[in-house]
Amino acid sequence: MKNKTEQAPGEDPVQAQDLPAGKLSSWLRLTRRAQGATDEISVPCGACTACCQSSYFIHIRPDETQTLDRIPEALLFAAPGLPKGHVLLGYDEYGRCPMFVANKCSIYEHRPRTCRQYDCRIFPATGLSVGEDKALIARQAQRWKFDVDTPRERRQLTALQAAAKFLREHAACFPAGFVPTNATQQAMLAIKVYEVFLEYAYDPEKAEHREQEHEIAAAVIAAYEKFEAGQ
Ligand code: SF4
C-alpha cells in the first residue's frame, strides 16, 4: 500500500530476495513518531503489492474526503465501534481490495491514509506472525532484514520482541480489550510500550519473574497512556 502498486501481470506479488529494512533504531523512532500523525510512511517495499491482496479491512476516516470521493459508496460500510463517518473498505473473495485493479491501486494518488501508513516491517521487528490468512505478507515480512549493529539496537530488538510476546501471552493481566486480537494492532501496541521491556528482562521460566506479571502489566498500561498523551 506504499510507494509502488504496479507489478507485471502474472508476476508473483512478493519477490524472493532479502530487502534492507534500514537501521532498527531509526525505523523505530520514525514509526513511533508517525503514530497518530497523518504523514505517509516511506516503506522501500519495491513492487510488492501483498498488502492490497491480503484480506484487510481498510479504515477510512471522515476527513479523507478526496479518498471517499473516489470509492463507490456501495463498497464502504460503517466501521464497528468507531464514531459515525468512519468507514471500512472490504475485500473480494480472493482477499483483494476492490480498488486494486489490473495489478495496481486504481486510486493511488488518493489512497487511504491507512494504506499510506501500512508497514509490514512491524512483524519482523516484533517477532509477531501476521496470521495464517495473510500468507503473502508473511512472505514479504520474512524478506526484511534490519541493521541491528549496536548494543542499543540489540536491546531494542530484544525489548520489542519481549513486549509482543508478553502482550500476546498475558492478555488476561490487562483490562478487557486492552490487548488487540489483531496481529497488526498487537505489533503497534508492542512498539508503543517496548521501553518497559528495556527494564524488565521477563523470563516466564523463572518463578520470581512470573510474580512480576501484574507489575509489568501496570507498567505497560502506564507506558501506553504516556505514549498516547504525547501524540
Ligand atoms: S486502496 Fe486498496 S489497492 Fe489502493 S493501496 Fe489501499 S489496499 Fe491497495
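In what follows, the structure referred to is the one given above.
Residues numbered from 1 in each chain as written. Predicted model: local features only at pLDDT ≥ 70, side-chain atom pairs only at ≥ 80, totals over all residues. Heavy atoms only, no water.

### Description of a positive patch on the surface
At step 1: Where like charges cluster on the molecular surface, the positive patch consists of Arg 29, Arg 33, Arg 152 and Arg 155.
At step 2: For the positive patch, the secondary-structure elements that each account for two or more residues are helix H1 (24–34) and helix H6 (151–169).
At step 3: The topology assignment puts Arg 33 in helix H1.
At step 4: Owing to a relative accessible area of 55%, Arg 33 belongs among the exposed residues under this scheme. (Patch = residues over 30% accessible without salt bridge, like charges linked within 9 Å, V, L, I, M, F, W, Y side chains within 5 Å. Areas by Shrake-Rupley, 256 points an atom, 1.4 Å probe, with all protein chains shown as cover. Salt bridge = Lys/Arg side-chain N within 4 Å of Asp/Glu carboxyl O. Lys, Arg positive; Asp, Glu negative; His and termini not counted. Charge placed at Lys NZ, Arg CZ, Asp CG, Glu CD. Helix = DSSP H or I, 4+ residues; strand = E, 2+ residues; numbered from the N terminus. Buried < 20%, exposed > 50% of the residue type's maximum accessible area, 1.4 Å probe, protein only.)

### Comments concerning the nonpolar core
At step 1: Within the largest apolar cluster, 64 residues are counted, with the highest numbers of intra-cluster contacts made by Phe 123, Ile 137, Leu 167, Phe 174 and Val 220.
At step 2: The leading source of residues in this core is helix H7 (residues 183–193), at seven residues.
At step 3: Every residue in contact with Phe 123, bar those within four places of it in the chain, is listed here: Tyr 56, Tyr 118, Leu 128, Ser 129, Val 130, Ile 137, Ala 141, Ala 183 and Thr 184. (Core = buried A, V, L, I, M, F, W, Y, C linked by side-chain atoms within 4.5 Å. Contact = heavy atoms within 4.5 Å.)

### Things to note about the packing of aromatic side chains
Given two aromatic rings, their pairing is described by the distance between the two centres and the angle made by the two planes.
At step 1: The tally for this structure, following the rule as stated, stands at eight aromatic pairs.
At step 2: Joined through ring pairs, the aromatic side chains of Phe 166, Phe 174, Phe 178, Phe 197 and Tyr 224 make up one cluster.
At step 3: Above the plane of the ring of Trp 144 lies Arg 121, whose end atom (NZ or CZ) is 5.3 Å from the centre.
At step 4: Of note, Lys 134 hangs over the ring of Tyr 56, and the distance from its end group to the ring centre comes to 4.5 Å. (Phe/Tyr/Trp six-rings, centres within 6.5 Å; stacked < 30°, edge-to-face > 60°. Lys NZ or Arg CZ within 6 Å of the ring centre and 35° of its normal.)

### Looking at the sheet that holds strand S3 (residues 76–78)
Sheet strands line up and pair through hydrogen bonds in the backbone, either parallel or antiparallel.
At step 1: Across the sheet, three strands lie side by side as S2-S4-S3; this open sheet has antiparallel pairing. Each edge of the open sheet is held by one strand with a lone partner, namely strand S2 (58–60) and S3. Recorded for the sheet is a direction-independent mean angle of 35° between the axes of neighbouring strands.
At step 2: Examined bridge by bridge, S3 and strand S4 (residues 87–89) share three bridges and lie antiparallel to one another. Residue Ala 78 lies in a different strand from S4, and its bridge partner there is Val 87. (Pairing = 2+ DSSP bridges. Axes fitted to C-alpha atoms, helices over the stretch in contact; angles between N-to-C directions.)

### A few points about helix H10 (residues 213–229)
At step 1: Between its first and last C-alpha, H10 extends 24 Å over 17 residues, near the 24 Å set by a 1.5 Å rise per residue.
At step 2: Restricting attention to buried positions, one finds in H10 the residues Glu 213, Ile 216, Ala 217, Val 220 and Phe 227. Mapping the buried residues of H10 onto a view down its axis gives an arc of 100°, with all of them on the same face. Turned more than 90 degrees away from the buried face of H10 sit His 214, Glu 225, Lys 226 and Ala 229, all of them exposed.
At step 3: Buried residues in H10 make contact with H1, H6, H7, helix H8 (196–199) and helix H9 (207–210). (Expected span 1.5 Å × (residues − 1). Arc of directions from axis to C-beta.)

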